[in-house]
Amino acid sequence: MDSYEHVSYGSIPDDDNINDIDELERLEQELIPQPDDYYGILNVSKNATNEELKVSYKNLCRSFHPDKHNNEEHKRIAEGRFQVIQQAYEVLSDPQRRVIYDTYGVEGLNATWELGPKFKTPEELQAEYEKQARLKREQDLENMVRSRAEVQLTIDATQILDPYEPPVFSSFGQPALAPKKKGPLHALTKGQVQQLFMRHSFETQLGPQTRAIFGGSMVSRTGMGGGNVMGTIRHTVSPKLWCELNATVLNPRSLTMKTVYNMSSDSFCNTVVKARTIHSPPIVTVTAGRRLFSTTTGYMTYRTGEWSLLEWGGDVSRSMDKSHVALGLAGATGAKQKGNYSCELQTGIIASHLAGDYTHKMDNQMRIRIAGSISTVGGVTASIGSDHKLPSNIRFGMSMECGVPTGVMMQFKISRLGQKLVVPIILSSEFDFRLTFLGTAIPAAMAMAIDQLVLKPRRQKQIKEKIRELREEHADILANRKAEAEDAQKLVTSSAERKTKMEESKKDGLVILKAYYGHLENLIDGQEAQEREGVIDVTVVLQAMVNESRLTIPSGHSKTNICGFYDPCLGESKQLMVRYRFQGQLHQVKIKDNAALIIPMRAHLI
């Protein structure tokens, strides 16, 4: 066994390649008041044509153009809102500016970066500047030198669970000595450290497209072990090709060349060439893959193993590293691609296997993985594991693996910012159903109990506290948007009254009777929206938006960006409920925030 090579058990989902945003960080990003949504202002979808933009702009001008109002207060309010509407139309009607806005938002149009949102005091701006500068320094330092470490401590606990006590015999006719009394923790002393593995590496940037990695590893097993020092140079040749050269310094020395080439957006080819000595040909591994479906990729791998060419390589008939071919599939499942799966069939001269695994990401920052394999070398194995994201960028995971003839093993892992501690515990050298059941059921029950009784209440408390902080932090912005929405409703009131009379006179007229937006669970039948916190009355607004007996609110943008709406309950789930009369019948429809609303196509009789 090469001391610098190490293959993890893989029962716990690895978090190295998963960009997982903390729940509170994501909440903070989502709840920061965003700039005006130009599509929402014009009440059109992001795929709207120029003709649809023009029609919507004309309809809004009828209500918000300053010349349409004689009241001085209304004229002043209309001037402010009309400027926003006009700016949105000018941007979206210009193809070039629309592309920039779709890609970079308002910041891209301004070509400057504002420091923080509006309505902040100089002290708050200074504090935010210092915070951003500190984060940038920390990010720059992390990009300069990235440190990764892993410690794996394998413990043999077979003698703890099933201890062997040698029999005591009498000698020369003397009675046998009474066994010594043993404490309750005596069994723990029979545990043994079977293997210790440690690995540490540093990564630094050498150039715009070149990185260097320096590290070392050591392994100790049953009193014997070794270590090695290695260095890696990784260079990006082009957006489609990057290569990597790895070399070990101590014995056993090796030189590995790896290339990754993306032939297109749907296909790739990876090559690994590893030379351990100049006296034999290098071992070559080639993997070619192609996307078969939207979320599924198929691949094929060929590994030469140790081989010889004429006299170069000598006799390799006794070598254990033989060639093999593998076919596999990997992909994601679910609407939000929360599930990831892979399966592989390998055939070789010595080692052949059929393996598969499935990982599912839960909504509560937990991942669950189920895996199994049938191999000519390792027999039959199955494993189930899960890990949970804790505060401070910490992940804790545990898994249970059992097989024939590998036995039963439990594994724990804790990781934080590239540092890992893995503790596999061998419970039995043979398959034991009782140990497998207890080792799976008890930890699963404990994990669920801790999650439901400790972690979940803590998360909910943190989320509520974060929402409260964000509401206080952005109180001025939220109050300003509420005032703008109320002013907008004043402007459209007369237009809504005219449309109500017009629609009532039609045979197929659409009349909005009541419309509420917000946290509708707080609303009680027979109670006005103003009397309940987190709910607003938008009846006038929706009636003013009716055009030719039809009301359309496209999906894809928040309702808070439509003229006359604002967010009445920042951080909480919101719904829009509309009661209306169409063709002489009463209807009611309720949708979630950001969903599309089309009336009367989605009519529900009351």
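As a reminder, the structure under discussion sits directly above these lines.
Parameters and conventions
- Residues numbered from 1 in each chain as written.
- Predicted model: local features only at pLDDT ≥ 70, side-chain atom pairs only at ≥ 80, totals over all residues.
- Heavy atoms only, no water.
- Helix = DSSP H or I, 4+ residues; strand = E, 2+ residues; numbered from the N terminus.
- Buried < 20%, exposed > 50% of the residue type's maximum accessible area, 1.4 Å probe, protein only.
- Contact = heavy atoms within 4.5 Å.
- Areas by Shrake-Rupley, 256 points an atom, 1.4 Å probe, with all protein chains shown as cover.
- Pairing = 2+ DSSP bridges.
- Axes fitted to C-alpha atoms, helices over the stretch in contact; angles between N-to-C directions.
- Parallel < 35°, antiparallel > 145°, perpendicular 65-115°, else oblique.
- Nonpolar A, V, L, I, M, F, W, Y, C, P; charged D, E, K, R; others polar.
- Core = buried A, V, L, I, M, F, W, Y, C linked by side-chain atoms within 4.5 Å.
- Expected span 1.5 Å × (residues − 1).
- Bend = angle between axes of the 7 residues up to and from the residue.
- Polar contact = N/O pair within 3.5 Å; in protein donor to acceptor, adjacent residues only side chain to side chain.
- Patch = residues over 30% accessible without salt bridge, like charges linked within 9 Å, V, L, I, M, F, W, Y side chains within 5 Å.
- Salt bridge = Lys/Arg side-chain N within 4 Å of Asp/Glu carboxyl O.
- Lys, Arg positive; Asp, Glu negative; His and termini not counted.
- Charge placed at Lys NZ, Arg CZ, Asp CG, Glu CD.

Student: An account of the overall build of the chain is needed here, citing residue identities and associated values.
Tutor: The number of helices and strands found in the chain is 10 helices and 23 strands. Looking at the chain residue by residue over its 606 residues, the buried ones come to 35%. Look at the contacts in the chain between residues 6 or more apart in sequence, and 50% of them connect residues 24 or more apart. Split by element, the accessible area of the chain, about 36,400 Å² in all, is 58% carbon and sulfur.

Student: Lay out the sheet that holds strand β18 (residues 510–518) in plain terms, naming residues and giving numbers.
Tutor: Taken in spatial order, the four strands line up as β19-β18-β21-β22 in an open sheet, and their pairing is antiparallel. Since the sheet does not close on itself, it has two edges, and those belong to β19 (535–537) and β22 (585–592), each with one partner. Each adjacent strand pair in this sheet contributes to an overall mean axis angle of 15 degrees, direction not counted. The sheet contacts of helix α9 (residues 475–505) involve β18, β19 and β21 (575–582), and relative to β18 the element is tilted by about 145 degrees.

Student: Please set out the packing of helix α3 (residues 50–64) against helix α4 (residues 72–93) residue by residue, giving values where relevant.
Tutor: Relative orientation of the contacting elements α3 and α4 amounts to 175 degrees, with a least axis distance of 11 Å. In terms of axis orientation, α3 runs roughly antiparallel to α4. Contacts from Asn50, Leu53, Lys54, Tyr57, Leu60, Cys61 and Phe64 in α3 reach Ala78, Arg81, Phe82, Ile85, Gln86, Tyr89, Leu92 and Ser93 in α4. Looking at the contact of α3 with α4 residue by residue, the class counts come to 10 nonpolar, three polar and two charged.

Student: Quick rundown of the pairing of β18? Include the residues and the values.
Tutor: Burial of β18 is extensive: seven of the nine residues sit out of reach of the surface. Looking at chain direction, β18 and β19 are connected through three bridges and run antiparallel. Paired with Tyr516 across the bridge in β19 is Asp537.

Student: Outline the nonpolar core, supporting the account with residue identities and numerical values.
Tutor: Ranked by internal contacts, the top residues of the largest apolar core, which has 27 residues, are Tyr38, Leu42, Leu53, Phe64, Ile85, Leu92 and Tyr101. Looking at this core, the elements with two or more residues in it are α2 (38–42), α3, α4, α5 (95–110) and α9. Broken down by element, this core gets its largest block of residues, nine residues, from α4. If we skip the residues at most four places from it in the chain, Leu53 touches Leu42, Val44, Ala48, Tyr89, Leu92, Ser93 and Arg98. Of all hydrophobic cores here, the second largest spans 23 residues; its members include Ile512, Val541, Val578 and Val589.

Student: Outline helix α8 (residues 433–473), supporting the account with residue identities and numerical values.
Tutor: The terminal C-alpha atoms of α8, which comprises 41 residues, lie 56 Å apart, in line with the 60 Å expected from a rise of 1.5 Å per residue. Largest kink in α8: about 40 degrees, centred on Asp451. Within α8, the full set of buried residues consists of Leu435, Thr436, Gly439, Pro443, Asp451, Leu455, Arg459, Lys466, Ile467 and Leu470. For α8, the side-chain oxygen to backbone nitrogen distance between the N-cap and Arg434 is 2.9 Å, and the N-cap itself is Asp432.

Student: A description of a positive patch on the surface should follow, citing residues and the corresponding values.
Tutor: Among the surface-exposed residues, Lys54, Lys58, Arg62, Lys68 and Arg498 lie close enough to one another that they form a single positively charged patch. Sort the elements by how many residues they give to the positive patch and α3 lands first, with three residues. Structurally, Arg498 is set in helix α9.

Student: Go over the pattern of salt bridges, please, and point to the residues and values.
Tutor: Scanning the model with the defined rule gives 16 salt bridges in all. Where Lys490 meets Glu73, a salt bridge forms, and the shortest distance between an N and an O atom there is 3.8 Å. With Lys490 in helix α9 and Glu73 in helix α4, this residue pair connects regions lying 417 residues apart in the sequence. The salt bridge partner of Glu306 is Arg276, with a shortest N-O separation of 3.8 Å. With Glu306 in the loop between β9 (296–303) and β10 (324–333) and Arg276 in the loop between β7 (267–275) and β8 (283–293), this residue pair connects regions lying 30 residues apart in the sequence. Overall, Glu306 belongs to the partly exposed group, its relative accessible area being 31%.

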